[in-house]
Amino acid sequence: MFVLAHLSDPHLAPLPPLRPADLLNKRALGFLNWKRKRGAIHRAEVLETLVRDLKTQRFDHLAVTGDLVNLALETEFSMARNWLETLGAPQHVTLVPGNHDIYVRETAQHAEREWAAYARGDARERFPFVRRRGRVALIGVSSALPTPLFMATGRVGAAQLAQLESILAMTAREDLFRTVLIHHPPFSGLSLYQKRLIDAAELRAVLQRQGAELVIHGHHHVRSVQWLEGPRPIPVVGVPSASASPRGSDEPAAYHLFEIDGNDGGWHCTLIRRGFSRTGGIGELERLVLAG
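Each value, and the rule that gives it
- Residues numbered from 1 in each chain as written.
- Predicted model: local features only at pLDDT ≥ 70, side-chain atom pairs only at ≥ 80, totals over all residues.
- Heavy atoms only, no water.
- Core = buried A, V, L, I, M, F, W, Y, C linked by side-chain atoms within 4.5 Å.
- Buried < 20%, exposed > 50% of the residue type's maximum accessible area, 1.4 Å probe, protein only.
- Helix = DSSP H or I, 4+ residues; strand = E, 2+ residues; numbered from the N terminus.
- Contact = heavy atoms within 4.5 Å.
- Pairing = 2+ DSSP bridges.
- Axes fitted to C-alpha atoms, helices over the stretch in contact; angles between N-to-C directions.
- Salt bridge = Lys/Arg side-chain N within 4 Å of Asp/Glu carboxyl O.
- Patch = residues over 30% accessible without salt bridge, like charges linked within 9 Å, V, L, I, M, F, W, Y side chains within 5 Å.
- Areas by Shrake-Rupley, 256 points an atom, 1.4 Å probe, with all protein chains shown as cover.
- Arc of directions from axis to C-beta.
- Right-handed = clockwise from strand over helix to strand, strands pointing away.

Q: Which residues make up the nonpolar core, and what values do they have?
A: In a soluble, globular protein the nonpolar side chains are often hidden away together inside. The biggest cluster of nonpolar side chains holds 39 residues, and the ones touching the most others in it are Leu 7, Leu 68, Trp 83 and Trp 115. Taken together, the elements giving at least two residues each to this core come down to β1 (2-7), α2 (44-54), β2 (61-64), α3 (74-87), β3 (93-95), α4 (110-115), β10 (254-261) and β11 (268-276). The residues touching Trp 83, leaving out its near neighbours within four places in the chain, are Leu 7, Pro 10, Leu 12, Leu 47, Val 51 and Leu 68. Judged by nonpolar contacts, the second largest core, of 22 residues, contains Val 130, Leu 168, Val 180 and Ala 200.

Written out as structure tokens, the structure is:
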């Protein structure tokens, strides 16, 4: 059995020192939002406790689906790299970026520079990439790009979509459990218009044609399980922010474990959700069979 762990949206706190020049762009609004609300939600001590609990569990690989930083300040990227190194070596941790990691054009390349070892495929290819771990194919897709004020949208793009289609077909022939990692989910309601994946319909079409065994994402800071039609139904699973305070307005911090067994003739996959309750305790919250 292969166990895949998943956490997302740590929004590493606290913010590093800022200079006035750092706020002469979209960061000004992000900083105000942090001071007004987000700084009380994303707590370093919550993330530390959650990761400590994660390390008590048996798992084979860890997926992190973006939003490591907050304002994309240059110093945030090296801090986030140091945090990634505490989670494990690059061969044991796979990363895809979130919209906060590519927040402004000035530092949009920093995530690639600092985190490349965690966000490349087995052949050192960039997005979309594939990492084979036992019977599991981890397929990394980037939906992150700089956006205007008040927007947190994402886009996969035609080039990635075409390559993703080929990767899904190839790994299906290899009889692998295909797990797609992406920050933005392929579903968004009207209330999330400003946070949507712009080409979600195109991504869904690729998945419907080629299939996948699992899609995991972050971004919305909520636990969610949705289903996408394909050759077989595809579970699309979101996880809350890994640093969300139990006393905040977001869902409390949690992570997921996926127990994966079997083969293409009969995959078995069980989702185990562990995290904080509203009372502040941490433990198993849910167990759900996704396949088999």
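Picking up after the structure, the text goes on.
Q: Now, about the pairing of β1: what can you tell me, with residues and values included?
A: β1 sits mainly inside the fold: six of its six residues count as buried. Pairing of β1 with β10, which is carried by five bridges, proceeds in the antiparallel orientation. Bridging across to β10, Val 3 finds its partner in Glu 259.

Q: For the sheet that holds β2, give the residues involved together with the corresponding values.
A: If you trace the six strands from one edge of the open sheet to the other, you get β3-β2-β1-β10-β11-β12, paired in mixed fashion. Looking at strand neighbours, the two that pair on one side only are β3 and β12 (282-291), the edges of this open sheet. Taking each pair of neighbouring strands and ignoring which way they run, the sheet shows an average axis angle of 20°. By the bridge criterion, eight bridges tie β11 to β12 in an arrangement that is antiparallel. Across the sheet, the residue bridging to Cys 269 is Ala 291, located in β12.

Q: Just give me the short version of the pattern of salt bridges, but keep the residues and values in it.
A: Summed over all chains, the structure comprises 19 salt bridges. For the salt bridge of Arg 273 with Glu 286, the shortest nitrogen-to-oxygen distance reads 3.2 Å. You can see Arg 273 sitting in strand β11 and its partner Glu 286 sitting in strand β12, a full 13 residues away along the chain. Using a relative accessible area of 22% as the deciding quantity, one classes Glu 286 as partly exposed.

Q: Could you give me a rundown of a nonpolar patch on the surface, with the residues and numbers involved?
A: A surface patch of nonpolar side chains, amounting to about 290 Å² of accessible area, comprises Leu 29, Leu 149 and Phe 150. Within the secondary structure, Leu 29 sits in helix α1 (residues 27-41).

Q: Pulling in residues and values, what's your account of α3?
A: Buried within α3 are the following residues: Glu 76, Phe 77, Ala 80, Trp 83, Leu 84 and Leu 87. Along the axis of α3, the buried residues cluster in a sector spanning 120°; they form a single face. Backbone geometry just downstream of α3 places Gly 88 in the positive-phi region, at approximately 155°.

Q: Explain the pairing of β2 to me, and be specific about the residues and the numbers.
A: Going residue by residue along β2, you find His 61 and Ala 63 tucked away on one face and Leu 62 and Val 64 tucked away on the opposite face as well. Pairing analysis gives three bridges linking β2 to β3, with the strands arranged parallel. The residue bridging Ala 63 from the neighbouring strand is Thr 94, located in β3. Assessed by its sense of winding, the connection that carries the chain from β2 through α3 to β3 is right-handed.

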